[in-house]
Amino acid sequence: MTLQGKSVRFSFRFANFTVVSTQDKGRFRPLAKGAQQATVRDKKLQERLRAGGEIPRHIAIIMDGNGRWAKKRGMPRIAGHSEGVESVRDIVSACGELGVRYLTLYAFSTENWKRPKEEVSLLMRLLMKALRDETDRLHSNNVRLRVIGDFAKLPQEVQNELLEDIQKTKGNTGLSLVLALSYSGRWDIASAARRIAQEVAEHRLAPEDITDATVAGFLSTEGISDPDLLIRTSGEFRISNFLLWQLAYSEIHITRKFWPDFRRDDLYEAIADYQGRERRFGMVSDQLASTREPEGYVRRFIKSVTGP
Ligand code: FPP
């Protein structure tokens, strides 16, 4: 089948189609396979990043632009979400290889429940499929899966799959992949406030003893350090009710790329941008000028390793 010049194959069990994007040059790429491995070039870039400064301990990402990515290609929105899973796979691998401790992905917000029923249902099924296909690989790569959000609102089968996958990977000591599902920052803070109020009402906590650390201890991210770097794709300058408390001091990197186009090179750019900001006060004026055009700075960084 052809959809506005793009090849479309019927194969998704749930959506009944698989869209082959122009990036695939017409070749079919199964959803569960084809994860990018670190190449020699990747390893060089990763070494340069490690040598260039601190690798953020916690990266949080607002994965935006799936719908627009699909629309631009005349495809259904779910095709953008599906290609977005490929980006998730690549970014999770790259973060694990780089030694990032926490990667938090805004996969489904509280507000996303207001989307058309069909899109919500397809997103849930896509999530289920990704979890089923990927958990073994995550596990063998020492990745621990965690979830933050209003878990009980998720469909029962998604809850069951997540519980199984969380249990399976709970002893892993590498990257923690934190999926924000049915999550919003206000929900998180309101839930913490309710629990703190309960503690006070039951005389286990005195109001005057409530500190920042107390609040942090009641948030869904308890025990997880705050994000050092927030990445948002698709060029929007908003936090969109993501980790409102936890992002207080995070560096923010915005890229115009849509999420399905965001791959490990873009992650390296974001990290190089982050490292540049950390070093801002030690820089000479030329370097300071380059931090005002992060794309120029990071592109030069990548070229310095790989050549033009
Ligand atoms: C935002 O794009 C993206 C989402 C609401 C969902 C993100 C979900 C995935 C990438 C797939 C499942 C995730 C995992 C972790 C396996 P949008 O639809 O708001 O795009 P638009 O702004 O262009 O409409």
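Note that this is a predicted model, so its numbers are computed, not measured. (Residues numbered from 1 in each chain as written. Predicted model: local features only at pLDDT ≥ 70, side-chain atom pairs only at ≥ 80, totals over all residues.)

S.K.: Please clarify how helix α6 (residues 185-201) should be interpreted in this entry.
M.R.: Note that an α-helix has 3.6 residues per turn; residues three or four places apart therefore point the same way. For α6, with 17 residues, the first-to-last C-alpha span of 24 Å sits near the 24 Å given by 1.5 Å per residue. Once α6 finishes, histidine 203 follows within two positions and takes phi at roughly 60°, a positive value. (Helix = DSSP H or I, 4+ residues; strand = E, 2+ residues; numbered from the N terminus. Expected span 1.5 Å × (residues − 1).)

S.K.: Even after reading the chapter, I still don't get helix α1 (residues 40-52), so can you show me in this structure?
M.R.: Counted at 1.5 Å a residue, the expected span for α1 with its 13 residues is 18 Å, and the 18 Å between its end C-alpha atoms agrees. Burial in α1 covers these residues: Leu45, Gln46 and Leu49. On an axial view of α1, the arc spanned by its buried residues comes to 100°, and they lie on one face. Opposite its buried face, α1 presents the exposed residues Val40, Lys43, Glu47 and Ala51, each directed more than 90 degrees away. Trailing α1 by a residue or two, glycine 53 shows a phi angle of about 155°, which is positive. (Buried ≥ 20, exposed ≤ 12 C-beta atoms within 10 Å, placed from the backbone. Arc of directions from axis to C-beta.)

S.K.: How should I be thinking about the site of the ligand in this particular structure?
M.R.: By nearness alone, 17 residues border the ligand, and Asn66, Gly67, Arg68, Gly84 and Ala130 come closest of all. Of all the secondary structure elements, the ones that give two or more residues to the shell around the ligand are α2 (66-72), α3 (77-98), β5 (102-109) and α4 (117-140). Sorting elements by how many residues they give to the shell around the ligand places α3 first, with four residues. (Near = placed C-beta within 6 Å.)

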